[in-house]
Amino acid sequence: MNLLVLGLQWGDEGKGKAIDFLAGNFNVVVRYQGGHNAGHTIYYKGKKVILHLLPSGIFTNNTISIIAQGVVINPIQLVKEIKNISLMGISTDKLIVSMNAPVILPFHQKLDIIFENSRYLKIGTTKRGIGPAYEDLVGRRAVFIRDLIDKDKFYKRVKPLNDYYSKLIRSYDGEEVSINSYIDEYLESGVFLKKHSKNTTYLLNELYMEGKSILFEGAQGVLLDVNQGTYPYVTSSNTCVGGVFTGTGLPHKAVEKVIGISKAYTTRVGEGPFPTELFEEESDFLREKGNEFGSTTGRPRRVGWLDLVALKYSVMINGVNSVFVTKLDIFDEFDEIKVVTDYEINGEQNQIFDPSIDYLNEVEPVFKSFPGWKKSICNVKTFDDLPEKTKYYIKFIENYIKTPVEYISVGTQREQTINR
Ligand code: GDP
Ligand code: IMO
Ligand code: MG
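Quantities reported herein were computed from a predicted structural model and do not represent experimental measurements. (Residues numbered from 1 in each chain as written. Chains lettered and ligands numbered in written order. Predicted model: local features only at pLDDT ≥ 70, side-chain atom pairs only at ≥ 80, totals over all residues. Heavy atoms only, no water.)

Undergrad: Where do I start with the coordination of the magnesium ion (ligand 3) in this structure?
TA: Each donor-metal-donor angle would ideally measure 109.5 degrees in four-coordinate tetrahedral geometry, or 90 or 180 degrees in six-coordinate octahedral geometry. Looking at the metal site, the magnesium ion (ligand 3) is ligated by Asp12 (OD) and Gly39 (O), spaced 2.0 to 2.2 Å from it. Of the two residues, Asp12 is situated in the loop between β1 (3-7) and α1 (15-22) and Gly39 in the loop between β2 (28-31) and β3 (40-44); the sequence distance between them amounts to 27 residues. What makes Asp12 partly exposed here is its relative accessible area of 22%. (Donors = N, O, S within 2.8 Å, 3.2 Å for Na, K, Ca; no water. Helix = DSSP H or I, 4+ residues; strand = E, 2+ residues; numbered from the N terminus. Buried < 20%, exposed > 50% of the residue type's maximum accessible area, 1.4 Å probe, protein only.)

Undergrad: What should I look at first to understand the site of ligand 2 in this one?
TA: Taken together, 20 residues lie near ligand 2, and Asp12, Lys15, His40, Thr126 and Thr235 sit nearest. Within the side chain of Thr235, an N or O atom sits 2.6 Å from an oxygen atom of ligand 2. Bound to the protein, ligand 2 loses 98% of the 550 Å² it would expose on its own. Under a 2 Å grid-point criterion requiring more than half of the atoms, the pocket assigned to ligand 2 is the largest pocket. Tallied by class, the residues present in the shell around ligand 2 amount to seven nonpolar, ten polar and three charged. (Near = heavy atom within 4 Å. Polar contact = N/O pair within 3.5 Å; in protein donor to acceptor, adjacent residues only side chain to side chain. Areas by Shrake-Rupley, 256 points an atom, 1.4 Å probe, with all protein chains shown as cover. 1 Å grid on protein atoms, 1.4 Å probe; cavity = no way out; pocket = protein on both sides within 12 Å on 5 of 7 lines; lining within 4 Å. Sits in = over half its atoms within 2 Å of the grid points. Nonpolar A, V, L, I, M, F, W, Y, C, P; charged D, E, K, R; others polar.)

Undergrad: Looking at this structure, how should I read the environment of Gly190?
TA: Note that Gly190 resides in helix α6 (residues 183-193). Each C-alpha atom, one on Gly190 and one on Pro75, is 7.5 Å from the other, the two residues being 115 residues apart in sequence.

Undergrad: Mind showing me how you'd approach the pairing of strand β17 (residues 405-409) here?
TA: Across the five residues that make up β17, a large majority, five, are buried. The pairing of strand β13 (residues 322-326) with β17 spans three bridges and is parallel. Across the sheet, the residue bridging to Val325 is Ile408, located in β17. Relative to strand β18 (residues 417-419), β17 runs antiparallel, the two sharing three bridges. Opposite Tyr407, over in β18, you have Asn419 as the bridge partner. (Pairing = 2+ DSSP bridges.)

Undergrad: Sorry, what's going on with a negative patch on the surface here?
TA: Taken together, the side chains of Glu280, Glu281, Glu282 and Glu336 make up a negatively charged region of the molecular surface. A per-element tally of the negative patch places helix α9 (residues 280-289) first, with three residues. (Patch = residues over 30% accessible without salt bridge, like charges linked within 9 Å, V, L, I, M, F, W, Y side chains within 5 Å. Salt bridge = Lys/Arg side-chain N within 4 Å of Asp/Glu carboxyl O. Lys, Arg positive; Asp, Glu negative; His and termini not counted. Charge placed at Lys NZ, Arg CZ, Asp CG, Glu CD.)

Undergrad: Explanation requested: the sheet that holds strand β7 (residues 197-198) in the structure shown.
TA: Hydrogen bonding along the main chain pairs the strands of a sheet, whether they run parallel or antiparallel. With mixed pairing, the ten strands of this open sheet are ordered in space as β7-β6-β5-β2-β8-β1-β9-β13-β17-β18. Across the chains shown, the open sheet's two edge strands, defined by having one partner strand only, are β7 and β18. Pairing between strand β9 (residues 257-263) and β13: five bridges, direction parallel. The partner of Ile259 across the bridge, within β13, is Ser322.

Next up, the structure:
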């Protein structure tokens with residue numbers, strides 16, 4: 001059964017760990033949106049690896065890894081990642097990259113930094129050039145992986161774009177990027193990637209028709225979706241289910257099941273509304289226990305209690321069939337655990353997550369408190385063996401969102417996962 005795995009919050013829900021755990025049951029793992037703003041952490045033979053572009057099935061024998069055309073690719077970063085993973089003894093022979101994926105160029109990153117520094121509303125982007133690269137795609141100016149192969153073609157496609165953005169960069173008193181400073185490196189990456197490059201739309205449709213099982217790996221999280229998230233504090237791609245279809249070229253029926261990943265609490269990196277956010281000692285405690293520092297940028301993540309109003313929204317708009325709760329072990333030493341069950345606005349309570357910032361900045365969260373279980377659950381293998389208080393917490397969540405919690409993660413390692 002083809003499975004979509006996506007983050008239900010603001011990213012970093014533990015998708016890498018969950019997908020690495022699930023990938024053994026699939027022939028193919030596909031990234032379909034985002035870029036190297038993602039940071040998916042996996043432990044392989046006890047070693048921590050953070051994947052930014054490579055699909056999280058890369059550590060699973062015989063799995064085909066595909067980066068489809070909805071992903072914006074920095075080819076220098078991709079080559080680096082392939083080389084690093086090869087050094088670990090992992091085969092990348094079954095890695096396929098879409099020749100029709102848009103390329104992130106050095107001026108995209110420069111523009112991301114300039115926009116971020118000059119913006120009156122800071123978004124707190126990862127400064128990887130993701131937004132400007134997607135802007136070029138929508139603006140019908142994008143350069144693609146297939147353009148990296150031939151010097152003349154690359155020059156013809158990139159030079160006008162480089163000139164166009166140089167003017168803009170100068171207007172912000174920035175230092176423009178000369179095409180000559182990166183053309184050779186980009187063409188070398190094109191040569192390196194040639195044996196991996198294909199039309200992934202046809203490849204995926206062939207694999208689908210052959211009945212191969214496919215796992216779709218979401219990046220970021222539902223609340224960062226450019227259309228359905230907390231705009232403008234979002235990423236520039238569709239992180240919701242729709243992103244699979246625009247990003248792969250597969251028909252809608254190719255997704256047969258959707259598993260949503262949620263931390264047992266909430267985190268967010270960058271700016272934007274966060275109704276259940278904690279501050280000072282409370283946030284320091286949770287951040288430290290949960291080791292909440294960004295996988296991509298190292299930034300301290302903002303932390304807060306689980307927001308069930310938001311979770312229910314994410315489940316609703318993605319047709320989520322079951323939930324994979326991660327980092328439950330982080331609460332092992334907590335005396336008290338809270339969730340938010342309602343928002344209060346103008347003296348009235350509701351369960352509506354309207355993603356507009358004006359609304360979310362106004363709402364007051366209404367909390368429900370649970371007693372902590374005060375023992376380690378990191379070696380528990382079955383749901384029945386969890387402490388009663390832990391089971392109660394999970395049952396409350398599934399009852400609220402009217403969706404089963406199918407998996408529970410109690411540690412960073414693949415085997416620290418409970419399958420109900
Ligand atoms: P992703 O972007 O959704 O793949 O998540 P990240 O890798 O950015 O962040 C999740 C972090 O939590 C990583 O450091 C994981 O190793 C870690 N992690 C995932 N699941 C668990 C869990 O159940 N318990 C603990 N303690 N850590 C976890
Ligand atoms: P994974 O896949 C958490 C956030 C940034 C910023 C906003 C826009 O590891 O869950 P961008 O660089 O995309 O233009 O930044 O989105 N963001 C993420 N937050 N996890 C991610 O990926 C993220 N990718 C982007 O922090 O707030
Ligand atoms: Mg991450």
